[in-house]
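# Structural description and commentary
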Amino acid sequence: KPKKKQNKKLNVLISAHCFTDAVHVHGTKNCFSDYYDWIDYLGKMSLSKKHNWLIKLHPSEYDDNLKKMGYFLNKYPSLKLVNKNTKNVDLLKKIDVVLSVYGTVGREYPLFGIPVINASSCGPHSGYKFNYHFDQIDSYHEAITNLENYIKDFKIDKKKIFEFYYLRYCLDFSFLFNSKYINEINENMRIKNMHPHSVSEIWLKDIENSVRLDIFDEVKKFIDSKQYRFTANNNGNYSSFIR
């Protein structure tokens, strides 16, 4: 079990990713080519930086991940595996900093004042400052070498964390899905190999203003309703708001 915080050593949690997951799903602005290189780098750092280095395996395909992680645990004895049944909430009072590539811990631990340092600048949280983001090995190395400074300088921004959470999990409606233009846009993107940014251009230039006004009216009704979730019925040809 993780030891309680000590005065001299930091408790560093490596929140491991599933080794078989898509490492470039968010883009290629990463410090490492894959999760293996990332863990190997941290293992090397554990030999010189005398922290309490803890690894929490990703729950997806746990046993298979454990077999792969076993190689690093044997290679770097300073890395200690956290018990399989340990939840993130169990670690809140024991962890000083969390290391990830772009995992969900990025919106979990900062809410409780614990900084997360990502080895990527293209993850789901990269548009926000409640994580530290790095895509160059030199700057990432500087951060891992001086974790104390990043812990000291970290500031909680709960409002932005909740804003991210809402946009990521509570907004279930695509505005364009409620218009006749969506099929045309999809077809153009397929045939003409259009860039996704073109959707914004179509929205601004080609869609009738009356359609936009109707959608804005629906949004206003949602805001006035004080409901928590903006959802849609997708059973028909086009999505419609659920009242």
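This report concerns the structure included in the present document. (Residues numbered from 1 in each chain as written. Predicted model: local features only at pLDDT ≥ 70, side-chain atom pairs only at ≥ 80, totals over all residues. Heavy atoms only, no water.)

### Things to note about the pairing of strand β1 (residues 11-15)
Judged by how many residues are buried, β1 sits mostly within the fold: five of five residues are covered. Two elements, β1 and strand β2 (residues 52-56), share five bridges in a ladder whose sense is parallel. Note that in β2 the partner of Ser15 across the bridge is Lys56. Chirality of the crossover, the property in question, places the unit of β1, helix α1 (residues 35-48) and β2 among those that are right-handed. With three bridges joining them, β1 and strand β4 (residues 97-100) adopt parallel strand pairing. Across the sheet, the residue bridging to Leu13 is Val98, located in β4. (Buried < 20%, exposed > 50% of the residue type's maximum accessible area, 1.4 Å probe, protein only. Helix = DSSP H or I, 4+ residues; strand = E, 2+ residues; numbered from the N terminus. Pairing = 2+ DSSP bridges. Right-handed = clockwise from strand over helix to strand, strands pointing away.)

### Digging into the sheet that holds β2
Consider a sheet: its strands pair through backbone hydrogen bonds, and that pairing is either parallel or antiparallel. Strand order in the open sheet formed by six strands is β3-β2-β1-β4-β5-β6, and the pairing between neighbours is parallel. Of all strands in the sheet, those bounded by a partner on one side alone are β3 (79-81) and β6 (132-133). Its contacts with the sheet place α1 against β1, β2, β3 and β4, and it is angled at close to 165 degrees to β1. (Contact = heavy atoms within 4.5 Å. Axes fitted to C-alpha atoms, helices over the stretch in contact; angles between N-to-C directions.)

### As for helix α8 (residues 198-205)
All of the buried residues in α8 are Ser198, Ile202 and Trp203. Viewed end-on, α8 has its buried residues packed into an arc of 145 degrees, placing them on one side of the element. Facing away from the buried side of α8 by more than 90 degrees, the exposed set consists of Leu204 and Lys205. (Arc of directions from axis to C-beta.)

### As for the nonpolar core
Counting residues in each nonpolar core, the largest one holds 37 residues, and the members touching the most others are Ile14, Trp38, Met69, Leu99, Ile117, Tyr140 and Ile144. Contributions of two or more residues to this core are made by β1, α1, β2, α2 (62-75), β4, α4 (137-145) and α5 (147-153). Counting residues per element, this core draws most heavily on α1, which supplies six residues. Setting aside residues no more than four positions away along its own chain, Tyr140 makes contact with Cys31, Phe32, Trp38, Tyr41, Leu42, Ile117, Asn118, Ala119 and Phe134. Of all hydrophobic cores here, the second largest spans 11 residues; its members include Val82, Ile95, Val98 and Val116. (Core = buried A, V, L, I, M, F, W, Y, C linked by side-chain atoms within 4.5 Å.)

### So, empty space enclosed by the protein
Counted by the stated rule, this structure contains one cavity of 30 Å³ or more. Taken together, Val23, Asn30, Cys31, Phe32, Asp34, Tyr35, Trp38, Val101 and Ala119 make up the full set of residues lining the largest cavity. When grouped by side-chain class, the residues that make up the lining of the largest cavity number seven nonpolar, one polar and one charged. (1 Å grid on protein atoms, 1.4 Å probe; cavity = no way out; pocket = protein on both sides within 12 Å on 5 of 7 lines; lining within 4 Å. Points joined across faces, edges and corners; volume = space filled by probe spheres on them. Nonpolar A, V, L, I, M, F, W, Y, C, P; charged D, E, K, R; others polar.)

### A look at the side chain of Asp40
Positionally, Asp40 belongs in helix α1. For Asp40, a relative accessible area of 15% gives the class buried. Residue contacts for Asp40: discarding those within four places in its chain leaves Phe72, Lys75 and Tyr76.

Such coordinate-based values are descriptive only and should not be taken to indicate function.
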